[in-house]
Every structure is written in C-alpha cells, then in structure tokens.
Amino acid sequence: MKWLSMDSKFATGMTQFINVILLTLWFLIGCLPIITIGQSIIAAYRVTLDMTYYNDNYVGVTKTFWKAWKDNWKHGMLLTLIFGGILYAAWISWQLFDKTADNPWYFLAITIFLCLVVLVRGFYIFALEARYENTLRQNLKNAKRIFVWYWKQTFAAIGCLALEFVLFFMINSTLVLIGYIFEPVIAIFTISAFAAKIFRDLERKNGMLDEDEQYL
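Definitions and cut-offs
Residues numbered from 1 in each chain as written. Predicted model: local features only at pLDDT ≥ 70, side-chain atom pairs only at ≥ 80, totals over all residues. Heavy atoms only, no water. Buried < 20%, exposed > 50% of the residue type's maximum accessible area, 1.4 Å probe, protein only. Helix = DSSP H or I, 4+ residues; strand = E, 2+ residues; numbered from the N terminus. Arc of directions from axis to C-beta. Axes fitted to C-alpha atoms, helices over the stretch in contact; angles between N-to-C directions. Parallel < 35°, antiparallel > 145°, perpendicular 65-115°, else oblique. Contact = heavy atoms within 4.5 Å. Nonpolar A, V, L, I, M, F, W, Y, C, P; charged D, E, K, R; others polar. Salt bridge = Lys/Arg side-chain N within 4 Å of Asp/Glu carboxyl O. Core = buried A, V, L, I, M, F, W, Y, C linked by side-chain atoms within 4.5 Å. Phe/Tyr/Trp six-rings, centres within 6.5 Å; stacked < 30°, edge-to-face > 60°. Patch = residues over 30% accessible without salt bridge, like charges linked within 9 Å, V, L, I, M, F, W, Y side chains within 5 Å. Areas by Shrake-Rupley, 256 points an atom, 1.4 Å probe, with all protein chains shown as cover. Left-handed = near helix turned anticlockwise from the far one by under 90°. Expected span 1.5 Å × (residues − 1).

Digging into helix α3 (residues 61-71)
All of the buried residues in α3 are V61, T64, F65, A68 and W69. Buried residues in α3, looked at end-on, bunch into an arc of 130 degrees, giving them a common side. For α3, the exposed residues lying more than 90 degrees away from the buried face are K63, K67, K70 and D71.

Here is the structure:
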C-alpha cells in the first residue's frame, strides 16, 4: 500500500512526529541540571535546523542532539548564566515596581529594558551557536544585527510564537499540560524555520552558499 511506503505523507508525518517526541525527551533530560539549559537549547536548535534542511525523512535526532550538547557546554553554560541573570534582575525590578508604594515608574522601565535585551540578543543567539563556530561575543552581536536587519521575519516568527502560546495555554487544561511538555521544542522548531532561511540568505550574500545547494 502506497500510504505505508517510506515516501508517503503518512510515513513522513510519523517520522516527524517521532522526531519531535525524541527531541523533547532529550531536551528535557538535558535541561535537568539547570546550568545546562543553554547547551540543551543549542543542541535542540542543531537538530531542528537539520530537520528543516534535510527535508522530511530526517533521522539521527539522538546522535545529533547529544553530540551538540557535549560540544557546546562552554558557550551554553555562559548563555544560561547571562540570560538567567538578566531575567532574574528583570524579575527583581518588577517585584520592586509591583510592591513599592506608588509603583515607581523607573523600576518598570528597567524591567522592560532588560526584557528587550533578552529578546533582541537572545532570539537568534542559540540558533547562531548551533550553526556557526564563532566567539560568543561575535554571535551575540550577530544575533542583534539579524534581529534588526530581518525585522519582518523576526516579527512574523514572534507572531507564530504568540499563536502557539494562545493554542497551548489559553484554550483548555489538557492543552496546557501538552504545552508545558512540547511547546519549548515546538517554539525552537518555529524559530529554526525562520532562522534557517535567514542564514541561507546571509550565506548566499557572502558567497558561502550556492544557489542550488539544498542543505546548510
């Protein structure tokens, strides 16, 4: 039967479904030590970028994830500390705004500023770390540049993430549970779909990618 063949839409869909489940499992395990959250995100991006470019029958989730997890421990841990520290500072600032008499506006301004720093610097940094061997400082600079230069794609990606949030967390309790488990990987996959096209465009402009090349 054609629907059972390896090239059928059913087989392709099942392969992708199993890949997402596997990646979610490894991602959650990789994040357990907490300090390794950054490297787990980088490893997940390595897999999702591969899934984007190696088309429908991508295999090798386990091997790719754990290799990237081990290879990116240094930058991953630094990113965990950097963004974790900024987000904690933003939370403290918000608490000061919320609980201080008269709600001083400057605490709110600090909170918004810190959240914007995380958004602008963090939106593409993990995908860049997964794709390119570069210094962390340079990738942070590149992450900001891509966020600004490709603002249309960036806001389209943010829109998709917002729709996913509504779907998983604002409809019913069953979807909320599914969202807590699968949404991190789905969000990474969503950003990867946009980031991969941006990376290909940048590589083509810099003579790093042939027009007919299919993969990263």
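Here's the deal with the packing of helix α5 (residues 105-122) against helix α7 (residues 136-149)
How two helices sit against one another is set out by the angle between their axes and by the gap between those axes. Closest axis-to-axis distance for the α5/α7 pair is 7 Å, and the angle between their directions is 95 degrees. On the basis of the axis angle, α5 is roughly perpendicular to α7. Where α5 abuts α7, its residues L119, V120 and R121 lie against L140, K141, A143, K144 and F147. Across the contact of α5 with α7, the residue classes break down as 5 nonpolar, no polar and 3 charged.

Some thoughts on the pattern of salt bridges
Per the stated rule, a full pass over the model turns up 4 salt bridges. Across the salt bridge formed by R46 and D50, the nearest N and O atoms sit 2.6 Å from each other. Highlighted residues: R46 and D50, both in helix α2 (residues 37-53), separated by 4 residues, approximately one helical turn. By the burial criterion, R46 is buried, and D50 matches it.

Topic: the environment of L136
Tracing the chain through its elements places L136 in helix α7. Classification of L136 by relative accessible area gives buried; the value is 11%. Taking the C-alpha atoms as reference, L136 lies 9.8 Å from K74; in sequence the two are 62 residues apart. Ignoring anything within four residues of it in the chain, the contact list for L136 reads H75, L78, L79, I82, I125 and E129.

Focus on the nonpolar core
In terms of nonpolar packing, the biggest core is built from 48 residues, with F65 and Y124 touching the most fellow members. With residues up to four places along the chain from it excluded, the contact list for Y124 reads A143, I146, F147, Q153, T154, A195 and I198.

Description of the packing of aromatic side chains
Under the definition given, this model contains 14 aromatic pairs. With a centroid separation of 4.9 Å and an interplanar angle of 90 degrees, the aromatic rings of F65 and W66 are classed as edge-to-face.

Considerations on a nonpolar patch on the surface
On the surface, a cluster of nonpolar side chains totalling about 350 Å² of accessible area is made up of M14, F17, I18 and I21. With respect to the secondary-structure elements, I18 resides in helix α1 (residues 9-31).

Quick notes on the packing of α2 against helix α4 (residues 73-99)
Interhelical geometry of α2 versus α4 gives an angle of 120 degrees and a closest axis separation of 6 Å. Considering their axes alone, α2 and α4 lie oblique with respect to each other. In this structure, α2 crosses over α4, and the sense of that crossing is right-handed. Counted together, I37, G38, Q39 and I42 of α2 and W73, G76, M77, L79 and T80 of α4 form the full contact between these two elements. For the contact of α2 with α4, a count of residues per class yields 5 nonpolar, 4 polar and no charged.

Details of α2
Between its terminal C-alpha atoms α2 stretches 24 Å, which fits the 24 Å expected from 17 residues at 1.5 Å a residue. Counting buried residues in α2 gives 15 out of 17 residues, a clear majority hidden from the surface.

Digging into the environment of A195
Relative to the assigned elements, A195 resides in helix α9 (residues 173-205). Here the alpha-carbon distance between A195 and Y124, two residues 71 residues apart in the chain, equals 7.2 Å. Discounting chain neighbours no more than four positions away, the residues touching A195 are Y124 and A127.

Description of the environment of F182
Residue placement: F182 occurs in helix α9. Distance from F182 to L25, taken between C-alpha atoms, is 9.2 Å for residues 157 residues apart in sequence. What F182 contacts, discounting residues up to four positions off in sequence, is V20, I21 and T24.

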